[in-house]
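Single-letter residue listing:
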Amino acid sequence: MANLDIVKPENLVYTKTKVLTDAIMHYCPGCGHGTAHRIVAEVIDELGIQDKTIGVAPVGCSVLAYNYFDVDFQEAAHGRAPALATAAKRLNPDCFVFTYQGDGDLAAIGTAETIHACNRGENITMIFVNNGIYGMTGGQMAPTTLVGMKSATTPYGRNVALNGYPLRITELLATLPGTYYVTRQSVHTPAAVRKAKAAVKQAFENQKLQKGLSFVEIVSSCNSGWKMTPVQANQWMEENMFPNYPIGDIKVNGQIVENVDINRIVVDHPLTVVNK
Amino acid sequence: MTEEIIIAGFGGQGVLSMGKILAYSGVMQDKEVSWMPSYGPEMRGGTANVSVIISDERISSPIINQFDTAIILNQQSLDKFENAVKPGGMLLYDPNGITHHPTRKDINIYQIAATDKAAEIGIAKLFNMIVLGGFLKYKPIVTDEFIHKGLQKSLPERHHKLIPENERAIKIGMEIVKPYHTL
Amino acid sequence: MAKELKLMKGNEAIAHAMIASGTDGYFGYPITPQSEVMETLMAEKPWETTGMTVLQAESEMASINMVYGGAATGKKVATSSSSPGISLMQEGLTYLAGAEIPCLIVNVMRGGPGLGTIQPSQSDYFQSVKGGGHGDYQLYTLAPASVQEMYDFVFDAWDIAFKYRNPVLILSDGAIGQCMEKLYTRDYMPRWTEEERRKNAPWGTWGKPATRGHNIITSLELDSAKQEVFNHKLQAKYREMEAKEVRYETLNCEDADYIIVAYGSSARISMKAMQMAREKGIKVGLFRLITLFPFPTQQLKAVAQKVKGILTVEMSAGQMIQDVKLATECKLPVEHFGRFGGIIPTPTEVLEALETKIIK
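Residues numbered from 1 in each chain as written. Chains lettered and ligands numbered in written order. Predicted model: local features only at pLDDT ≥ 70, side-chain atom pairs only at ≥ 80, totals over all residues.

**A word on the overall build of chain B**
Check the secondary structure of chain B and you find six helices and seven strands. Helices and strands appear in chain B in the N-to-C order β-α-β-β-β-α-β-β-α-α-α-α-β. On C-alpha atoms alone, chain B measures out to a radius of gyration of 15 Å, which is about the 16 Å that the 2.2 N^0.38 rule sets for 183 residues. The buried share of chain B, taken over its 183 residues, is 50%. Looking at chain B alone, contacts between residues at least 24 apart form 61% of all its contacts between residues at least 6 apart. (Helix = DSSP H or I, 4+ residues; strand = E, 2+ residues; numbered from the N terminus. Rg over C-alpha atoms; globule rule 2.2 N^0.38 Å. Buried ≥ 20, exposed ≤ 12 C-beta atoms within 10 Å, placed from the backbone. Contact = placed C-beta atoms within 7 Å.)

Next comes the structure, spelled out in structure tokens:
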């Protein structure tokens, strides 16, 4: 059968959403950003809200996110995306407004903006990609870097005495009355992608309810920064990141999910040693 | 006509609001006015003062260091502003709590025992209006009619029922003010 | 509120002008001596009348970035603060300039450096017109010298901001902010309709219709060649402002032997000093800057040709004097007089400085 015979509408099983542009993504092979972008774009497409979506991009690896989404986009200063989104939403209440931020942007330099946007219960969606490292600047320690984890600025591993503990900001945000939906997902397997997409969809649909902020953390790997192959990185993520950042819903419909212990403190979790 | 006034005393004595009523009355009488307060922590119990200028012409500086009239309500303010009165100008002060009285001989000085009077007749909150009356007795730069309009404008509507009392206090001030040293 | 004669503080006038000029949003953080701006807005509840949004942010960093997020949707969005808060906003300001977002920032200056004092000062001139944040950018900077100008300049700011897609700074100080004067208010200008917003801000991120590509508001350009072209475009915009949007006022400069150059409350004090000098028979004029950027270089140069000396008055160590010297090409004596730390110079002091430093 010739190729042309295959390329027919009735044989179409999957196509790129029109909410993603044709720009070639700059992300490293194996990075979770591309998948995270895709599910956000697909949700915007499926909800039919492309014409009323405003995205806010961070500083970090996803600084150029605006080139990949075919929706109106604002590029924020480092950490300030929730402040931009606050005003964009309040002045355009009929629009769907989301931020897309990494761990350094959201949980270090932008902690104040993050907490206060959540605490005010802004009717926005925040997508938080946590890979435990500063990817763009070359693999320095992030607030979410695990204890013992090596980075460019913790070459002997994150030392609690020096650097403090990994910040589980998602659990922290779940305690605020202004957050309505808080969940932690990943995009490293097809099953995980399907769940993450459902979570993102919920987080966008919630904007119609006017009941507060919806927050989706996506635990992701950074194989470049972690200095692993993509497969190794995903395995390492499951073995090390997930115990510290357990996957699943944390707060649904404004209530902490039963059996989720947001106060659980993880210290001294043994890191799985990988060839470096 | 240009009248440059400093009103100075403790925070809480109604210094700023007296200035505001005077300024608003000037506005209503179609004068040019400015009201320049000291501000900040001073307003919370320390000394407070406000410069008010009422003029027939465009006001150049709202910030001035020489005054036609000083209305003085405590010792610190008397010490600070006695010498800032222009020669031939006027100093009006409440002798309550004053131990060192003004000594200048080149200005007109008047006393108004407003603190005592306000306590005596139970209108402590209108103390500042009594003082304003004392000023207006010797410097009638705004007329009764416009003082009335100034009160209407500067008091919130819920306090409009108190306007007659304010006006009565002004009248009392005009009655009790007395010369201390005049040229 | 219709056209009316009022007595109010400069800070209150700013708030009332924001409402009356159809401002869509205000985001601020309390700081003395400008807190009356947000207090007045909150008391007026414009969200019930014009539909204006008012929000107290968690910091000046948040409020300037809220300005970014709101104004980037093509709406009229403003903030106000005082010197230390404006320092915190410098990052936001350079991003706003770099992303060419029209907006309004009001600085009611107080004395520095650091936490400094809450009393009036004019020591943020360099920060306002020589940068403040990083990169080559300019804010169109208006210096009101009266409560009426505090009010009127808000209206003017919106015209300039959207005409040039540039942030506008109203650089005031604690004296003008706290001073009450007569004010003629204007009839309300309604906020823009959705159609007007789309017409006036076709670049805005207000939701991409099928008829256009996506609008991106950013100050990032990784390609240096493109970033240089963009910088040329910005510079051309600033040169156009210099050619078309300079504002100043001259008083008694026609026959003056000496002139005082000042802006804001210093200009008011200098006006009084000028009158006192004239009473003494000294022919003094006043050149009042209204726009600090663009600076009235040519206009000042022309006036200076006929005088013997210039005194600049500014509540600072002498910042604006540099631009005065450049404008007059150091062809005549130019001296500075100012007070620091929240001390306001008196008209008498200004006159003395003129007599001792310039007339001699």
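**Looking at the overall build of chain A**
A count of helices and strands for chain A gives 10 helices and 10 strands. Its C-alpha atoms give chain A a radius of gyration of 18 Å, within 12% of the compact-globule value 19 Å for 276 residues. Each principal axis of the C-alpha atoms in chain A carries an extent, and together these give about 60 × 50 × 35 Å. By the burial criterion, 53% of the 276 residues in chain A qualify as buried. Considering only contacts within chain A whose residues lie at least 6 apart along the sequence, 69% involve residues at least 24 apart.

**Looking at the sheet that holds strand β3 (residues 53-56) of chain C**
All names here are of chain C. Strand order in the open sheet formed by seven strands is β3-β2-β4-β5-β7-β6-β13, with mixed pairing between adjacent strands. Each edge of the sheet is formed by a strand with only one pairing partner; in this case those strands are β3 and β13 (291-293). Averaged over neighbouring strand pairs, the angle between their axes works out to 20 degrees when direction is ignored. Pairing of strand β2 (residues 25-28) with β3 involves four bridges; the strand directions are parallel. When the bridges of β3 are listed, Tyr-26 appears paired with Val-54. (Pairing = 2+ DSSP bridges. Axes fitted to C-alpha atoms, helices over the stretch in contact; angles between N-to-C directions.)

**Considerations on the sheet that holds strand β3 (residues 96-102) of chain A**
The nine strands are arranged β10(A)-β9(A)-β7(A)-β8(A)-β4(A)-β3(A)-β1(A)-β2(A)-β9(C) in an open sheet whose pairing can be described as mixed. Both outer strands of the open sheet, β10 (255-256) of chain A together with β9 (216-217) of chain C, are each paired with one neighbouring strand and no more. Direction of pairing for strand β7 (residues 179-186) of chain A relative to strand β8 (residues 213-219) of chain A: parallel, over a ladder of seven bridges. Each bridged residue has a counterpart across the sheet, and for Thr-183 of chain A the counterpart in β8 of chain A is Val-216 of chain A. Along the sheet, helix α2 (residues 33-47) of chain A contacts β1 (53-57), β4 (125-130) and β8 of chain A; its crossing angle with β4 of chain A, the most-contacted strand, is approximately 165 degrees.

**Examining the packing of helix α1 (residues 10-20) of chain C against helix α2 (residues 36-44) of chain C**
Residues and elements named next belong to chain C. Between α1 and α2, whose axes approach to 7 Å, the crossing angle comes to 45 degrees. In terms of orientation, α1 lies oblique with respect to α2. The way α1 lies across α2 gives a crossing that is right-handed. Facing α1, whose interface residues are Asn-11, Glu-12, Ile-14, Ala-15, His-16, Met-18 and Ile-19, α2 presents Glu-36, Val-37, Thr-40, Leu-41 and Glu-44. For the contact of α1 with α2, a count of residues per class yields six nonpolar, three polar and three charged. (Parallel < 35°, antiparallel > 145°, perpendicular 65-115°, else oblique. Left-handed = near helix turned anticlockwise from the far one by under 90°. Nonpolar A, V, L, I, M, F, W, Y, C, P; charged D, E, K, R; others polar.)

**Some points on unusual backbone geometry**
Cis peptide bonds are those with omega within 30 degrees of zero, and the linkage from Thr-32 of chain C to Pro-33 of chain C qualifies with 5 degrees. Tracing the backbone shows Pro-33 of chain C in the loop between β2 and α2. Here Phe-293 of chain C and Pro-294 of chain C are connected by a cis peptide whose omega angle stands at 0 degrees. Unlike most non-glycine residues, Lys-227 of chain A shows phi in positive territory, near 60 degrees. As for its position among the elements, Lys-227 of chain A is in the loop between α9 (223-226) and α10 (230-244). Despite not being glycine, Lys-360 of chain C has its phi angle at roughly 55 degrees, a positive value. With respect to the helices and strands, Lys-360 of chain C occurs in the segment after α14 (347-359).

**As for the arrangement of the chains**
Most contacts, when the two pairs of chains in contact are compared, are made between chains A and C. A gap remains between chain A and chain B, which never touch, and the nearest two C-alpha atoms on either side lie 28 Å apart.

**Details of the nonpolar core**
Core analysis: the biggest nonpolar cluster contains 244 residues, and Ile-127 of chain A together with Ile-259 and Ile-260 of chain C have the highest contact counts within it. Lining this core are residues from two domains, each supplying at least three of them: domain 1 (5-197) and domain 2 (248-359) of chain C. Leaving out residues up to four positions away in the same chain, Ile-260 of chain C has contacts with Ser-270, Ala-273, Met-274, Val-284, Leu-286, Leu-311, Val-313 and Leu-354 of chain C. (Core = buried A, V, L, I, M, F, W, Y, C linked by C-beta atoms within 7 Å. Domains from an automatic or database assignment.)

**Description of the interface of chain C and chain A**
Contacts between the two partners involve 35 residues from chain C and, on the opposite side, 30 residues from chain A. When contributions to the side of chain C that touches chain A are tallied by element, the ones reaching two or more residues are β2, β3, α3 (60-71), α5 (90-98) and β9 of chain C. Ranked by the residues each element gives to the side of chain C that touches chain A, the list is headed by α3 of chain C, at eight residues. Among the residues making up the side of chain C that touches chain A, the classes are represented as 16 nonpolar, 14 polar and five charged. Strand direction decides the pairing type here: strand β2 (residues 72-75) of chain A and β9 of chain C, joined by two bridges, are parallel.

**Some words on the interface of chain B and chain C**
Contact with chain B, which involves 18 residues of that partner, is made by 22 residues of chain C. Every element with two or more residues in the side of chain B that touches chain C is listed here: α1 (15-28) and β2 (32-37) of chain B. A total of six residues in the side of chain B that touches chain C trace back to one element, the largest contributor, which is β2 of chain B. Across the side of chain B that touches chain C, the residue classes break down as 11 nonpolar, five polar and two charged. The pairing of β2 of chain B with strand β8 (residues 180-184) of chain C spans two bridges and is antiparallel. Each bridged residue has a counterpart across the sheet, and for Trp-35 of chain B the counterpart in β8 of chain C is Met-180 of chain C.

**As for the pairing of β2 of chain B**
Residues and elements named next belong to chain B. Burial within β2 is extensive, with five of its six residues counted as buried. Bridge count for β2 against strand β3 (residues 47-55) is six bridges, and the pairing is antiparallel. Across the sheet, Glu-32 pairs through a bridge with Ser-55, a residue of β3.

**Describing α5 of chain C**
At 3.6 residues per turn, the α-helix brings residues three or four places apart onto the same side. All names here are of chain C. Extensive coverage of α5 is indicated by the burial of seven of its nine residues. Listed as buried for α5 are Gly-92, Leu-93, Thr-94, Tyr-95, Leu-96, Ala-97 and Gly-98. In this structure, the buried residues of α5 make contact with α3, β5 (103-109) and β7 (167-173). Just downstream of α5, Glu-100 is the residue with a positive phi angle, here 50 degrees.

**Re the confidence of the model for chain B**
Parts of the prediction with low pLDDT should not have their coordinates interpreted in detail. Scored by pLDDT, chain B comes out at a mean of 93, with 97% of its residues at no less than 70. The ipTM for the predicted assembly is 0.91, set against a pTM of 0.93. (pLDDT = per-residue confidence, 0-100.)

**As for the environment of Pro-120 of chain C**
Residue and element names in this part refer to chain C. Here Pro-120 shows up in the loop between β5 and α6 (125-129). For Pro-120, a count of 29 C-beta atoms within 10 Å puts it in the buried group. On a C-alpha basis, the gap between Pro-120 and Arg-110 in space is 4.5 Å, while along the polypeptide they are 10 residues apart. Leave out the neighbours within four places in its chain, and Pro-120 touches Met-109, Arg-110, Asp-173, Gly-174, Ala-175, Ser-265, Met-315, Gly-342 and Ile-344.

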